[in-house]
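Summary of structural features
Here is how the chains run, residue by residue.
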Amino acid sequence: MQKFTLQIVLGFMIAALFMAGGCANLLDPGPPPSVYQLTPEFPAKEGGRGLNLQLAVVQPSANDMLSTNRVVTRYANGEIKAWKGVSWVAPTPVMMQRFLVQAYEEIDLFTTMSYDTLGYNADYRLISDLREFTVVLADANKPDHVVVPL
């Protein structure tokens, strides 16, 4: 009986060694992902007077695919893919909210600009829906521009 038990224990130990060797890659996260940050071009400031209004920008709503920081690409043939190992610096709705606030600050149209947060009573709130956020590739699969319909 002891010999049989010893064989079972040795069998489990050998199996555990083989399994541990196969699972080693599960603990290795691999190389860090490439992270990209967009730097949009904003319209030039116009020489007119600003409005005496306060505007708060609400984070745009988005579907599950767009609510992440995955980089989605549209190829010239119309095919859409998400890049593996590549991400934006922040989820796309967060980036869009920042860009909208920056754009309105650049044109200096409103007295006060802010992110929509609890406790801030602005005259107006900008609410938007992010429908697409894709990198469009030009010839030779080089990024050309980003499409962002709101």
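Everything in this summary refers to the structure shown in the same document. Keep in mind it's a predicted model, so treat the numbers as computed, not measured.

Observations concerning the overall build of the protein chain
The helix and strand inventory of the protein chain stands at 2 helices and 10 strands. Along its sequence from the N terminus, the protein chain presents helices and strands in the succession α-β-β-β-β-β-α-β-β-β-β-β. Counting over 150 residues, the protein chain shows a buried share of 22%. Counting only contacts in the protein chain whose residues sit at least 6 apart along the sequence, the fraction spanning at least 24 positions is 65%. By element, 58% of the accessible surface of the protein chain is carried by carbon and sulfur atoms, the whole surface being about 10900 Å².

Some words on the side chain of Thr 134
Take Thr 134: it is sitting in strand β9 (residues 134-137). Of note is the side chain of Thr 134, whose polar atom sits 2.8 Å from the side chain of Glu 132.

Describing the pattern of salt bridges
This model, assessed by the stated rule, comprises 2 salt bridges. A salt bridge links Lys 81 to Glu 79; its shortest N-O distance comes to 3.5 Å. One salt bridge in this structure joins Arg 131 and Asp 129, with 3.6 Å as the shortest N-O distance. For Asp 129, a relative accessible area of 30% corresponds to the partly exposed category.

Some points on the sheet that holds strand β1 (residues 34-36)
Taken in spatial order, the 5 strands make up an open sheet running β1-β5-β4-β9-β10, and their pairing is mixed. Taken across any chain shown, the strands that pair with only one partner, and hence form the sheet edges, are β1 and β10 (143-147). Pairs of neighbouring strands in the sheet enclose a mean axial angle of 45°, with direction left out of account. The pairing of strand β4 (residues 70-74) with β9 spans 3 bridges and is classified as parallel. Following the sheet pairing, Val 72 is matched in β9 by Thr 134.

Section: helix α2 (residues 92-107)
Look at α2: 23 Å from first C-alpha to last across 16 residues, which is about the 22 Å you get at 1.5 Å a residue. Taken together, the buried positions of α2 are occupied by Thr 92, Pro 93, Met 95, Met 96, Gln 97, Phe 99, Leu 100, Val 101 and Ala 103. Where α2 is buried, its residues meet β2 (51-57), β3 (61-62), β5 (80-88), β6 (110-115), β7 (124-126) and β8 (129-130). Asp 108, located one to two residues past α2, shows a positive phi value of around 55°.

What counts and how
Residues numbered from 1 in each chain as written. Predicted model: local features only at pLDDT ≥ 70, side-chain atom pairs only at ≥ 80, totals over all residues. Heavy atoms only, no water. Helix = DSSP H or I, 4+ residues; strand = E, 2+ residues; numbered from the N terminus. Buried < 20%, exposed > 50% of the residue type's maximum accessible area, 1.4 Å probe, protein only. Contact = heavy atoms within 4.5 Å. Areas by Shrake-Rupley, 256 points an atom, 1.4 Å probe, with all protein chains shown as cover. Polar contact = N/O pair within 3.5 Å; in protein donor to acceptor, adjacent residues only side chain to side chain. Salt bridge = Lys/Arg side-chain N within 4 Å of Asp/Glu carboxyl O. Pairing = 2+ DSSP bridges. Axes fitted to C-alpha atoms, helices over the stretch in contact; angles between N-to-C directions. Expected span 1.5 Å × (residues − 1).

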